[in-house]
Amino acid sequence: MSYTLLSSPLQGFTDYRFRNAQNKIFGGIDTFYAPYIRLNGKLEIKSSYQRDLALENNNTLEVIPQVITNDAEEFLFVSKYVQELGYKELNWNLGCPYPMVTKCGMGSGLISNTEKINTILDRVHSETDITVSMKMRLGYDTTEEILDVFPILEKYPIKNVAIHARIGKQLYKGGVHLEAFQECINATKLKLYYNGDITTVAKFKEMQALFPTIDHWMIGRGLIADPFLPSMIKNDTELYPDNKIELFTAFHDTLYEGYSQSLSGATHILLKMHHLWEYFSVIFSNPHKVHKKIKKAKSIRNYEQAVKEILKDESVFRL
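Attention here is on the structure that accompanies the text. Residue positions are given per chain, counted from 1 along the sequence in the order it is written. Only residues with pLDDT of at least 70 get local features here, since the model is predicted, and only at 80 or more are side-chain atom pairs given and counted; chain-wide, interface and lining totals rely on the full set of residues. The side-chain figures draw on all heavy atoms in the structure; neither hydrogens nor water molecules are used.

## Some points on the packing of helix 1 (residues 16–25) against helix 11 (residues 244–262)
At step 1: Axis angles are defined between N-to-C directions and span 0 to 180 degrees, where every axis is a line fitted to C-alpha atoms and, for a helix, only to the segment in contact. Elements are defined by DSSP. Helices are runs of H or I of four residues or more, strands are runs of E of two residues or more, and each kind is numbered from the N terminus. Where helix 1 contacts helix 11, the two axes come as close as 10 Å, and the packing angle between them is 155°. When the axis of helix 1 is compared with that of helix 11, the two are roughly antiparallel. Read as a crossing pair, helix 1 and helix 11 show a hand that is right-handed. Where helix 1 abuts helix 11, its residues Arg17, Phe18, Ala21, Gln22 and Ile25 lie against Leu247, Ala250, Phe251, Thr254, Leu255, Gly258, Tyr259 and Ser262.
At step 2: Across the contact of helix 1 with helix 11, the residue classes break down as eight nonpolar, four polar and one charged. Each angle gets one of four labels, with under 35 degrees taken as roughly parallel, over 145 as roughly antiparallel, 65 to 115 as roughly perpendicular, and the rest as oblique. Here a crossing is taken to be left-handed if its near helix is turned anticlockwise relative to the far helix by less than a right angle, and right-handed if that turn runs clockwise. What makes two residues a contact is simply this: any of their non-hydrogen atoms within 4.5 Å. Each residue gets one of three labels, nonpolar for Ala, Val, Leu, Ile, Met, Phe, Trp, Tyr, Cys and Pro, charged for Asp, Glu, Lys and Arg, and polar for the others, Gly among them.

## Looking at helix 8 (residues 201–210)
At step 1: We call a residue buried when its accessible area falls under 20% of the maximum for its residue type, exposed when it is over 50%, and partly exposed in between, using a 1.4 Å probe and counting protein chains only. Within helix 8, the full set of buried residues consists of Val201, Phe204 and Met207. Buried residues in helix 8, looked at end-on, bunch into an arc of 120°, giving them a common side.
At step 2: Residues of helix 8 that are buried in the fold lie against strand 1 (4–7), helix 7 (178–187), strand 8 (192–195), strand 9 (216–219) and helix 10 (229–234). As used here, the arc belongs to the directions running from the helix axis to the C-beta atoms.

## Some details on the nonpolar core
At step 1: Remark: nonpolar core denotes a set of buried residues (Ala, Val, Leu, Ile, Met, Phe, Trp, Tyr, Cys) joined through side-chain atoms within 4.5 Å. Judged by nonpolar contacts, the single largest core of 97 residues is most densely connected at Trp92, Leu153, Tyr194 and Trp277.
At step 2: When near neighbours in sequence (up to four residues on either side) are disregarded, Trp277 contacts Phe248, His252, Phe284, Val290, His291, Ile294, Tyr303, Val307 and Ile310.
At step 3: By size, the runner-up hydrophobic cluster in this structure holds six residues, among which are Leu6, Tyr33, Ala162 and Met218.

## Brief notes about the packing of helix 11 against helix 12 (residues 266–280)
At step 1: Interaxial distance between helix 11 and helix 12 falls to 10 Å at its minimum, and their mutual angle equals 155°. Put simply, helix 11 runs roughly antiparallel to helix 12. Here helix 11 runs over helix 12; the crossing is right-handed. On the side of helix 11, the interface is formed by Phe248, Phe251, His252, Leu255, Tyr256, Tyr259 and Ser260, while helix 12 contributes Ile269, Lys272, Met273, Leu276, Trp277 and Phe280.
At step 2: Along the lines of polarity and charge, the residues of the contact of helix 11 with helix 12 split into ten nonpolar, two polar and one charged.

Shape descriptors only; they carry no functional weight alone.
What follows is the structure, given as structure tokens:
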């Protein structure tokens, strides 16, 4: 069975610089979802969103923009904006689990409000011709919440529903709810994508065996931690390439150079790279030691030296 690999968006990480570097150096992802646009009540597109979706920054990628909102006017505004850029699809985020979002009744905090979901979808499909897809969790408090949303979604030509098989209040803690995801498959004829804890080739194969009807698979945190993963899945191998250090070094250096140019001041650059290394460290034989070494680097010079030391010895890789 053929399948498609998708990059699940992660705010602050999977921007156009990350997407381009991962695609160029490793490949394997068929479609990237851009991190969500959030308007916060103002019908204005921030410059950071503009840069992230600019066609010149995505001309070698298949990219789908995403919006997070609980307001029809905001949804319509973003729809018009992305269509003017040439995008034909807009993904609606009903999955974000973070309290700053859910307390405002957005992301996974909106899943239980079926009336509002219906109102927004009705207006969007009445007033625009944009293709709408969904990114959801199973619910916020319980895994059953999504089941009440399916009848609403089935009233509209929703392209697909990508489901992260957790509930919102879990954040990223605890395991995925695989039985609840199977209930979703049984409950709807909507096109479903799977998302959640695909971190190794073996885990991907395990999920394929569990859900043989699913042919679209989203990789989120697993992609940031291991940018080799999509190509290894596609090549059906658990072996990393012989030039793994060269490839990872090129990936790191591309990101580091890009963020050094776009961010102002050493503090912002180091913070950005420190956050990335929280994920990168996972693919090393001693993640705690690697992450600690990066966190101790309080200057650009020390950071560059720390990275050099980490990468000089192939034995430090778990790969």
